[in-house]
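# A structural walkthrough
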Amino acid sequence: MVDVIPKNTDEEMLRYQEAERMLRARIPMKNNAALVYEADPITGRENAYSRLPSGGYVKIGDRAVTPVEAAKTDAMVAAPVATDINSFARDYEKNFGKTPVMEDYFAAEFTEAQTREYLAQREIERLSAPGTEVPVTLNQEQIQMGVDVGAPMIAPQPTTMRERRTDFLAGTGQSEASKFLSQVYEAIGLDSYESRRIAETVMGNPNATRDIGIGVADLTPAGLVFGVEEGYNTFLQGYNSGDPMTAGLGALEAGLSVLEAAPLMGAGLKVIKKSITPIMRQAINTLKADAIGAGRGAAAVGDRRFVLAPPTQEPSVGGLAPQYRVVVENFSPEGKGTQSFIPQQMTPQNRNVSDEKLTILANEFPDPLSSAEEYAGMMARVRNTNEVPAPPTWMIEHANDTDKWASWFKNLTPNQIQAADEGLSVQKQFRDAYAAPDTGPELTGQLMFWSIMSRMLSAFPHESGFLELAQSADPYIKKALAGEWTEQTTSEWRNMVSSTIPLDSPGRSATSNANAFGETFLRKMSVKDDAGKSALERLHDMIADPNMSSAQIRRGYYGLASETGIGNKILSFALLVSGRNDVVVLDRIQINRMWGGGEKIYDDIMKQFEGAQGLAQYEALERSLASRVGEVYAKAGRETEGSVGRYHWESWVLSSGQVVSHPTLESVVRAGTPNVPRDIPPTAATPVMEGRFHTKYSGVKYEKLKDGGNRYTYSTSSGQPYQFTKAQLDDMFGEAFKPKSGVLPPNFPGVKAFEGGNIPWYEFEGVDRGKLDDLIRKAGKPIQ
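Below, the discussion takes up the overall build of the protein. Assigned secondary structure in the protein consists of 34 helices and 11 strands. Counting only residues that meet the buried cut, the protein has 54% of its 784 residues in that class. Carbon and sulfur atoms form 49% of the exposed surface of the protein, whose accessible area is close to 33,400 Å².

This is the structure we're talking about:
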């Protein structure tokens, strides 16, 4: 006999690791005879399971099947339709020499409720038989039915336990008991949805097991019996005696035993259980004394785990000044407290270990934005120390007051929303390009080039620089993909950059970023693995895989090379524009907003968002925002539009006071698919606009022409565009800003005053647009 979830902890951890490796391997389902399939009558699909080397199964996907009602089974062909389900089962086994499965009962016109109840009762009777053992190969439909009514949780004495549950529910009511259990799980940090589903599973809800993601092959009676029955007995003892602490600890043990059946959560839960008792006792003590009393009412839970205190007066701790730190008083560091739980850097050498620890952290802290204490407690766990970076107070405040959050979010102007729409619309072009069979990894090379050009720059110089260099970069990207990068190639790249960007181009400011792309990123990403694939090609494979999340790709990226010049921020931005909406980008604007409420604190705290510890914060924000942005969009009157990615884009333009759509992303797709026939160069006719409101050039556009030249354009108030050289444009603005021109009113506050606002300087009340238009027409050349 082999237990799918063995009682030996080492064996159990091995099983989880095997399951995780199989899921990462992305086993093909098509024509794979080694897979086991289970029909799911709820979803109308078939779940696919792959056998684990040490026993048991892991779900790897699902597939559409012919609806049961239309399937022609043995039961429909040769078995009479019976009105007695027991007689039907007996006759079926006699006629065909095998046990009917759910499809057979459906085909014989028994309802789902009848079938589930009958199969569950048979499973209980089977498990109650003296000497019964669970075989290695399980009848999955029967086991599922048993799970739904609690049989696998109660194997040694199922009838007795079931009677106890029935008696208990009769005196209390399932909803009240589930409510209390749910609060217990929330007290240890699980989110409200998961807490509710675990509680309902323990209380016997037929659908809850499936809802919390536990597949039938993840469960066996032998694997769950001890934890669940022991915990449930403790829960009953405490509940019936009026002891909320005892009841809470029992409920915790029962609930965690249920969750341990889910392979990807198991490792994190084992860590929780090692230190859960003191945490639970503290949490349960916050329940009101009347939580379990005459009324059997649910208890209120206060701040459950961590207590925050002011920072020490050390001038710098973890690279942060005191005003950017807090102390988590009741956190106990592991060991001597000298080694972080999550390492500062993630490298190819420690990537697997870091990956596992990030998964554990995600399980322990599913909703870090639920409170400042929770977020700081997470960082204490990350750094294994009491004094940690201060949490994002603005974001936490608004995440827990969605009315206030939506009120702020409604300040987006129509132009800003339109710009975000235009920027996000290019995601479809990327998704289509990555899905096309003839798209090569050059696309990812161009995407990463566009992304690295954004470092420390606004969109205007960033995107202008890309337009200047994209075509010239193509042969160098190909060299990196082929693994042919040399020191000579690096020198050639630098010479190409300096000679290609015109002196009068806004992209000249991006020269340093362009140099870094060749001499650092392409050079390091050109190294091949044992299979002969360059790191850049392997990155392309990950981004092109629609089944990989942004979090998975970021973690995988650090297994490719070290110190490539592209970190969490730039990589996350690249993933966003490539078509993924499960990602945030912690750049200057977002950090100033989330942590400082708009105050400019980025330069003082930015280092904490780098490396693996920064990755932990990216994933934390993405987890919490994913469960909230839909509500914010709904309250802002835009019910169907919410996603983490769109929220990043739109909150960015709102916080920055800019109108930015990143039109050159279309050029990235064109430059990255060079084999597609085109009438014009891939970077031509794609103007990029200065979207910052607090610069004279606000509203100015720059573009490459079909013949390889370039031009600046600026429009009158009626929308008529005029063409300029940079010298002509500078002269025109110089004249406009002279008092004698009459363009600016006496109370004009200066261009810099429009930073973070929602209008450009030329829309300030009192600016004479007519006189500005006259200067535009005089200095420029109209574009027909």
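Where strands meet in a sheet, backbone hydrogen bonds hold them as pairs that are either parallel or antiparallel. Across the sheet, three strands lie side by side as E4-E5-E6; this open sheet has antiparallel pairing. Pairing within the sheet leaves two strands with one partner each, and these edge strands are strand E4 (308-309) and strand E6 (387-389). Those strands touched by helix H16 (residues 372-383) are E4, strand E5 (325-328) and E6, and its axis lies near 110 degrees from that of E6.

Okay, the pairing of E5 next. Look at any regular strand and the pattern is simple: side chains alternate between the two faces of the sheet. Burial along E5 is two-sided: the face carrying Arg 325 and Val 327 and the face carrying Val 326 and Val 328 are both buried. Where E4 lies against E5, two bridges are found, and the strand directions are antiparallel. Considered in E5, the bridge of Ala 309 is made with Val 327. Here E5 pairs with E6 via three bridges, running antiparallel. Bridge pairing in E6 links Val 327 to Glu 387.

What follows concerns the packing of helix H25 (residues 550-557) against helix H26 (residues 568-577). Running from amino to carboxyl end, H25 crosses H26 at an angle of 135 degrees, the nearest separation of the two axes being 11 Å. Relative to H26, the element H25 is oriented oblique. Here H25 and H26 pass one another in a crossing that is right-handed. Packed against H25, whose contacting residues are Ser 550, Ile 553, Arg 554 and Tyr 557, the element H26 presents Leu 571, Ser 572 and Leu 575 at the interface. A per-class count over the contact of H25 with H26 returns four nonpolar, two polar and one charged.

It is worth spelling out the nonpolar core at this point. Considering soluble globular proteins, one finds that nonpolar side chains tend to be buried as a cluster. With 116 residues, the main nonpolar core has Trp 405, Phe 449, Phe 521 and Leu 625 as its most contacted residues. Element by element, the count of residues in this core is highest for helix H21 (residues 459-481), at eight residues. With sequence-adjacent residues up to four places away left out, Phe 449 is seen in contact with Phe 466, Leu 469, Ala 470, Ala 473, Trp 493, Ala 514 and Phe 517. Counting 27 residues, the second-largest nonpolar core is a separate cluster that includes Phe 693, Met 732, Phe 748 and Leu 775.

The five strands are arranged E7-E8-E9-E10-E11 in an open sheet whose pairing can be described as antiparallel. Edge positions in the open sheet fall to strand E7 (688-689) and strand E11 (781-782), since each of these has one partner strand only. Packed onto the sheet, helix H33 (residues 726-736) meets strand E9 (710-715) and strand E10 (721-724) and runs at close to 25 degrees relative to E9. Helix H34 (residues 769-779) contacts E9, E10 and E11 of the sheet and is inclined by roughly 50 degrees relative to E10.

Criteria and thresholds
- Residues numbered from 1 in each chain as written.
- Predicted model: local features only at pLDDT ≥ 70, side-chain atom pairs only at ≥ 80, totals over all residues.
- Heavy atoms only, no water.
- Helix = DSSP H or I, 4+ residues; strand = E, 2+ residues; numbered from the N terminus.
- Buried < 20%, exposed > 50% of the residue type's maximum accessible area, 1.4 Å probe, protein only.
- Areas by Shrake-Rupley, 256 points an atom, 1.4 Å probe, with all protein chains shown as cover.
- Pairing = 2+ DSSP bridges.
- Contact = heavy atoms within 4.5 Å.
- Axes fitted to C-alpha atoms, helices over the stretch in contact; angles between N-to-C directions.
- Parallel < 35°, antiparallel > 145°, perpendicular 65-115°, else oblique.
- Left-handed = near helix turned anticlockwise from the far one by under 90°.
- Nonpolar A, V, L, I, M, F, W, Y, C, P; charged D, E, K, R; others polar.
- Core = buried A, V, L, I, M, F, W, Y, C linked by side-chain atoms within 4.5 Å.

Everything listed is a geometric property; what it means functionally is a separate question.
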